[in-house]
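Observations on the model geometry
Given next are the chains, with one letter for each unit.
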Amino acid sequence: MSLEEKVAQVKANIAAAAREVGRDPSEITLVAATKVQTSDTIRQAIAAGVTICGENRVQEMTAHLADDAYAGAALHFIGHLQTNKVKQVVGRVDLIESVGSEHLLDAIQAQAAKLDLVQDILLEINIGGEESKSGISPDELPALAQKAAACPNVRLRGLMAIPPVAEGPDGNRPFFQKMRQLYVDIRDKMSDNGTTIDCLSMGMSGDYEDAVREGATLVRVGTALFGPRPPMHQV
Ligand SMILES: *Cc1c(COP(=O)(O)O)cnc(C)c1O
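Here's what I pulled together on the structure shown here. Given the structure is predicted, the values throughout are model-derived calculations rather than measurements.

Points about helix α3 (residues 58-66)
Those residues of α3 lying buried are Val58, Glu60, Met61 and His64. All buried residues of α3 fall inside an arc of 160° around its axis, so they share one side. The exposed residues of α3 that point more than 90 degrees off its buried face are Gln59 and Ala66. Elements that come into contact with the buried residues of α3 comprise α2 (39-47), β2 (52-55) and β3 (74-77). Once α3 ends, the next one or two residues include Asp68, with phi positive near 60°.

Some points on the packing of helix α4 (residues 102-115) against helix α5 (residues 141-150)
Where α4 meets α5, the axes come as close as 11 Å, and the angle between the chain directions of the two elements is 5°. By the angle between their axes, α4 is roughly parallel relative to α5. Touching Glu102, Leu105 and Asp106 of α4 are Leu144, Lys147 and Ala148, all from α5. Here the contact of α4 with α5 is built from residues that sort into 3 nonpolar, no polar and 3 charged.

What to know about the site of the ligand
Surveying the vicinity of the ligand reveals 14 residues, the closest of which are Lys35, Asn56, Ser205, Thr223 and Arg229. Between an oxygen atom of the ligand and a side-chain N or O atom of Asn56, the distance comes to 2.7 Å. Bound to the protein, the ligand loses 95% of the 390 Å² it would expose on its own. When its residues are assigned to classes, the shell around the ligand shows 6 nonpolar, 5 polar and 3 charged.

Things to note about the environment of Lys11
On the secondary structure map, Lys11 appears in helix α1 (residues 3-20). Take Lys11: its relative accessible area is 38%, and that puts it in the partly exposed class. Between the C-alpha atom of Lys11 and that of Thr29, which follows or precedes it by 18 residues, the distance is 8.5 Å. Excluding anything up to four places from it in sequence, Lys11 contacts Leu30 and Gly49.

With respect to the nonpolar core
In summary, soluble globular proteins display a tendency toward joint burial of nonpolar side chains. Core analysis: the largest hydrophobic core is formed by 66 residues, its most contacted members being Ile121 and Leu159. Looking at this core element by element, the count peaks at 7 residues for helix α6 (residues 173-191). What Ile121 contacts, discounting residues up to four positions off in sequence, is Leu95, Ile96, Val99, Leu105, Ile108, Ala148, Val154, Arg155, Leu156, Arg157 and Gly158. Residues Leu95, Met160, Ile162 and Leu218 belong to the second largest nonpolar core, which totals 8 residues.

Quick look at the pairing of β2
Side chains Ile52 and Gly54 project from β2 onto one buried face, and the interleaved Cys53 and Glu55 project onto a second face that is buried too. Bridging between strand β1 (residues 29-33) and β2 involves 3 bridges; their strand directions are parallel. By the bridge assignment for β2, Ala32 is matched with Cys53. Considered for its hand, the β-α-β crossover made up of β1, α2 and β2 is right-handed.

Structural notes on the side chain of Asn13
Note on placement: Asn13 falls in helix α1. Side chain to side chain, Asn13 and Tyr208 meet in a polar contact 2.9 Å long. Once residues lying within four places of it in the same chain are set aside, the contact partners of Asn13 are Tyr208 and Glu209.

Re α5
Since the α-helix advances by 3.6 residues per turn, residues separated by three or four positions end up pointing in the same direction. Every buried residue belonging to α5 is among Leu141, Leu144, Ala145 and Ala148, and all of these are buried. Take α5 and look down its axis: the buried residues cluster within an arc of 100°, on one side only. In this structure, α5 carries Ala143 and Ala150 as exposed residues pointing more than 90 degrees from its buried face. Looking at the buried side of α5, the elements it contacts are α4, β5 (119-125), β6 (154-161) and α6.

Criteria and cut-off values
- The written sequence of each chain sets the order in which its residues are numbered from 1.
- Confidence filtering applies because this is a predicted model: local features only for residues at pLDDT of at least 70, side-chain atom pairs given and counted only at 80 or more, and all residues used for totals across whole chains, interfaces and linings.
- Values shown for side chains rest on all heavy atoms present in the structure; no hydrogens or waters enter the calculation.
- A 1.4 Å probe rolled over the protein chains alone gives each residue an accessible area, and that area as a share of the maximum for its type sets the label: buried under 20%, exposed over 50%, partly exposed in between.
- Only DSSP runs of H or I with at least four residues qualify as helices, and only runs of E with at least two residues qualify as strands; both kinds are numbered from the N terminus onward.
- This arc describes the spread of directions from the helix axis toward the C-beta atoms.
- Note on definitions: a residue-residue contact is assigned when non-hydrogen atoms from the two residues lie within 4.5 Å.
- Convention adopted: a line fitted to C-alpha atoms gives each axis, helices being fitted over their contacting stretch, and angles between N-to-C directions are expressed from 0 to 180 degrees.
- If an angle is under 35 degrees, it is roughly parallel; if it is over 145, roughly antiparallel; if it lies from 65 to 115, roughly perpendicular; otherwise it is oblique.
- Only Asp, Glu, Lys and Arg are considered charged in this grouping, and only Ala, Val, Leu, Ile, Met, Phe, Trp, Tyr, Cys and Pro are considered nonpolar; every other residue, Gly among them, is considered polar.
- We define proximity as follows: a residue is near a molecule or strand when any one of its heavy atoms falls within 4 Å of that partner.
- By the criterion applied in these results, polar contacts are pairs of N or O atoms within 3.5 Å in which, for protein atoms, one can donate a hydrogen and the other can accept it, and in which residues neighboring in sequence qualify only through two side-chain atoms.
- Here the Shrake-Rupley method, with its probe set to 1.4 Å, supplies the accessible areas, and only the displayed protein chains count as covering residues.
- Think of a nonpolar core as a cluster: buried Ala, Val, Leu, Ile, Met, Phe, Trp, Tyr and Cys residues, connected wherever their side-chain atoms sit within 4.5 Å.
- Two strands make a pair as long as DSSP finds a minimum of two bridges between them.
- When the strands point away from the viewer and the connection leading from the first strand across the helix to the second strand turns clockwise, the crossover is called right-handed.

What follows is the structure, encoded as structure tokens:
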């Protein structure tokens, strides 16, 4: 299958999963996870109908930006972000999906204030409670969400998660259901102070259809579009 056919296929699968559960397919947007791809491949993906690119690595992203590779699409940062690299990301991406600590939130607020802009963010939840993963625990969410909502140069848009590697079909549905519940709770809580929470980012190549069935509004798909990556670049 060509890249164009794969983009069409993944979008069709998203739409079918949405309809299965009575959702409007237009509520869900495909984020192409473009790590290790070349600028040319990224351009091809955008020409094939990708409207959001998701980048993991600051260095690769900076190189692609210099190439103007993302022209015509929105750009999300989806990888682990070190505070010393915040300067290279704030104001250059439409959404930072992976804000998984108070420390990082502070650094983003400070840089966005310096640039006099408002940076959209998602809070990353370590929904599987895994040692190896970044993100806050569900218990920490209410306080950090309040803090984010009070940051003048940050706009909290929702939540993101990378669940554990799934075991068997339907393996991640319980995690997706928990995320959906956290999302609904925080959305209701935040609506009181005028914050619009409208993004729930979850689901990757192996499980994006289940994520859509459980309420995702953004799915981050790499392998199903671009084929397998070298082993060192799994996530
Ligand atoms: C690489 C990556 C993805 C996509 O993973 P695939 O399994 O290749 O679809 C999604 N989210 C994040 C944060 C990633 O790093």
